[in-house]
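Topology and contacts: notes
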Amino acid sequence: MMRLACCTVLLFLLRLLVGLPWFQVLPSILIFYLGSGGWKFVLIFAKTISRDLHAAGVLLKVKSNVNRHLKERNTLPKIFAETVHRHGDKTALIFEGTGEKWSFRQLDEYSNRVANLLLQRGFVEGDVVALFMENRSQYVGLWLGMAKIGVEAALINFNLRLEALVHCVTISNAKAVVFGSELTEAVCEVHSSMGKTVQMLCSGDWDPKSVPAGTESLEPLLDAAPTHLPIRPDRCFTDRLFYIYTSGTTGMPKAAIVVHSRYYRMAALVYYGFGMTSDDVLYDCLPLYHSAGNIVGVGQCLIHGMTVVINKKFSASRFWDHCAKYNCTIVQYIGEICRYLLNQPVKDIEGKHKVRMALGNGLRQSIWEEFTSRFNVPQIAEFYGATECNCSLGNFDNMTGACGFNSQILPFIYPIRLVKVDEETMELIRGPDGVCIPCGPGEPGQLVGRINQKDPLRRFDGYVNEGANSKKTANSVFKKGDTAYLSGDVLVMDQYGYMYFKDRTGDTFRWKGENVSTTEVEGTLSRLLDMKDVVVYGVEVPGAEGKAGMAAVADPERSTDLEKFGKDLEKALPPYARPVFLRFLKEVNKTGTYKFQKTDMRRDGFDPSMVSDKLYFLDPTRGRYVELHQELYSSIISGKQKL
């Protein structure tokens, strides 16, 4: 901006005061602009203009559609009705577990039965019903049917048990629980804690002796329910659709509010941004209680008429078989899925699929190109986002390693940015005016998005528990007095505006005066250890400044050669990034979306008396890992042993 201001002043001086002709003024200004560093902007402009124009077109398209839906007071069920009208007998959903196919008309009729049944049972607009079952086509029909009469579904993680399960049902104020028969045991364990007023409906194989008292079988009730479209409630595009729970990696899960407009824009941005079509076939093996599986995946079916293949769960050994069987053109991934696929033996079927795009988030840069070349998937549609966030990113032009970008030509069109944070406390760093300090290229910072509650693309809907909202927002971030969403993630942006995921806030730690990115170290260690699960975190050592690195490695067969690993580590990582402690265990705890859970391991630390797994210490005098026994632990704690 300063350079442009100087050019304007120069134009005024040369033309008006000195009186030079235009053919002399314009070259002079151009020479000044380029000579003062403007050539960098010209380079950025040339490299990114097509990318930025595409993104601008996508934003305008989605915003135009959102405004139309707002004006017409549309909801997701109304949008789905348009899809049914266009595609009718086309296959909407395929459940891989049984091979059963539902057309759009069949899905519509099933969801109508659900809606009419709930109306018969006295459910009204604004009531909540908890949905607790594994992936299947009925899952989609159930919450869609609820939405048709304004009943809001609470989509509960089917891996939850006991206290966490009761917590999720309770905070949603659910009046009923629809559960899959495969989860009967989990429901029986907590039924007495749910209250007698909560209705219980079981979907799937029916055994009246095994379910909690008072439970009814869902299928006979649905078979008897009418298939006509019930009277629609007076709902609009910004009303609540359902609730999706956070992973609960740092405490009890929180129920994030998903409104109709949020569902639409999350699905539409990836559809238009990555160049999908209604003729694509999408393979969705992600849990439907999560936004990636149920919005980014299933949303392409409900909104855009795409066929979606639903699998009960991810299977690394059968992944490509399923893709070839159903002629899938798009596959979804999240977290560590791509690494698990690379860890499989090479099979002929890998080259016999029609997959042209892998859609998801969390593909590590260290294995990006290996994944595309081995499986011959030309486009990685990596995006950044969270259920509740307003600062989603998309890697629309297939830049290796990037999770998205922000325009450097017109950076204020999309009001997001990276702001500086304290690397140890992760608190926002503010300037003398009290406003957050934006990061320059190459500087790690927390991703934030300006909140505008009047704009469906910029609003923050928050959580059911309003007390949790304050931790995800901050004031005076872009300018004095504004409010912004805090992503909780540290990213780095290059000079062209491409953004790369660096770490979760709180995961990065300092050691020997340097910042250690756990994400980067995890990727390196996993590659050195033949794609094993690796979790890296910092642990406090009395008397030592910062936190020492510790890596937990899933190695049930104890196949790791520590001597070789230590030598490889010296070549791959600088001294400050090498784990001081190692912990070998049978498996690493993960969330249902394949994210590692670190909280318990941080708390365990490296005390042999507290940890039953094998522990090792990187002895600096020997330059190799040695077993960490109680005597050595005491020496480290007392400061006798050097780190």
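Residues numbered from 1 in each chain as written. Predicted model: local features only at pLDDT ≥ 70, side-chain atom pairs only at ≥ 80, totals over all residues. Heavy atoms only, no water.

Pairing is mixed in the open sheet, where seven strands are placed in the order S7-S6-S5-S3-S4-S8-S9. The sheet terminates laterally at strand S7 (216-217) and strand S9 (255-259), the two strands that pair on one side only. Where helix H9 (residues 260-273) meets the sheet, it contacts strand S8 (240-245) and S9, and its direction lies at approximately 80 degrees from that of S9. Helix-sheet contacts for helix H10 (residues 291-304) involve strand S4 (152-155), S8 and S9, and the interaxial angle to S8 is about 140 degrees. (Pairing = 2+ DSSP bridges. Helix = DSSP H or I, 4+ residues; strand = E, 2+ residues; numbered from the N terminus. Contact = heavy atoms within 4.5 Å. Axes fitted to C-alpha atoms, helices over the stretch in contact; angles between N-to-C directions.)

Take the environment of Asp503 next. Structurally, the position occupied by Asp503 is in strand S21 (residues 498-504). Separated by 182 residues in sequence, Asp503 and Asp321 have C-alpha atoms that sit 34 Å apart. If near-sequence neighbours (up to four positions away) are discounted, Asp503 is found in contact with Asp489, Val490, Thr508, Val516, Ser517, Thr518 and Thr519.

For the rest of this paragraph, the subject is unusual backbone geometry. Excluding glycine, residues mostly have negative phi values, and the peptide bonds linking residues are mostly trans. Of note in the backbone geometry, Ser476 takes a positive phi value of approximately 55 degrees without being a glycine. In this structure, Ser476 sits in the loop between strand S19 (473-475) and strand S20 (483-493). With relative accessibility at 12%, the residue Ser476 sits in the buried group. Positioned with a positive phi, Arg558 is a non-glycine residue whose angle comes to about 55 degrees. (Buried < 20%, exposed > 50% of the residue type's maximum accessible area, 1.4 Å probe, protein only.)

Take helix H17 (residues 630-638) next. Buried residues of H17: Leu632, Tyr633 and Ile636, and no others. Down the axis of H17, the buried set is contained in an arc of 105 degrees. They therefore lie on one face. Looking at the buried residues of H17, the elements they touch are strand S26 (581-585), strand S27 (614-619) and strand S28 (624-627). (Arc of directions from axis to C-beta.)

Inspection of every chain in the model, using the stated rule, returns 30 salt bridges. Glu72 is paired through a salt bridge with Arg68; the nearest N and O atoms lie 3.5 Å apart. For Arg136, the salt bridge is made with Glu182, and the minimal N-O distance between the two is 2.5 Å. One end of the pair, Arg136, is in the loop between strand S3 (128-132) and helix H5 (137-148); the other, Glu182, is in the loop between strand S5 (176-180) and helix H7 (184-190), with 46 residues separating them in the sequence. Given the relative accessible area of 32%, Glu182 is considered partly exposed. One connected set of salt bridges, linked through shared partners, spans Glu125, Glu152 and Arg235. (Salt bridge = Lys/Arg side-chain N within 4 Å of Asp/Glu carboxyl O.)

Another point: the sheet that holds S27. Strands sit in the order S24-S25-S26-S27-S28 across an open sheet of five strands; the sheet is mixed. What marks the edges here is a single partner per strand, and that holds for strand S24 (534-539) and S28. Pairs of neighbouring strands in the sheet enclose a mean axial angle of 25 degrees, with direction left out of account. Of the strand pairs in this sheet, S24 and strand S25 (residues 548-554) are connected by six bridges, and their pairing is antiparallel. Counterpart to Val536 in the pairing with S25 is Ala551. Against the sheet, helix H15 (residues 562-572) makes contact with S26, S27 and S28, and its axis sits at roughly 140 degrees relative to S28, the strand it touches most.

Taken across its eleven residues, helix H14 (residues 518-528) has eight buried, putting it largely inside the fold. When H14 is considered as a whole, its buried residues turn out to be Thr518, Thr519, Val521, Glu522, Gly523, Thr524, Leu525 and Ser526. The first or second residue beyond H14 is Asp530, which carries a positive phi of 55 degrees.

This part covers the pairing of S8. Among the six residues in S8, five count as buried, and that is most of the element. Sheet topology note: the S4/S8 ladder contains three bridges and is parallel. Residue Ala154 lies in a different strand from S8, and its bridge partner there is Tyr243. For S8 and S9, the ladder comprises five bridges, and the chain directions are antiparallel. Pairing of Phe242 across the sheet is with Val258, part of S9.

Read these as geometric descriptors, not functional statements.
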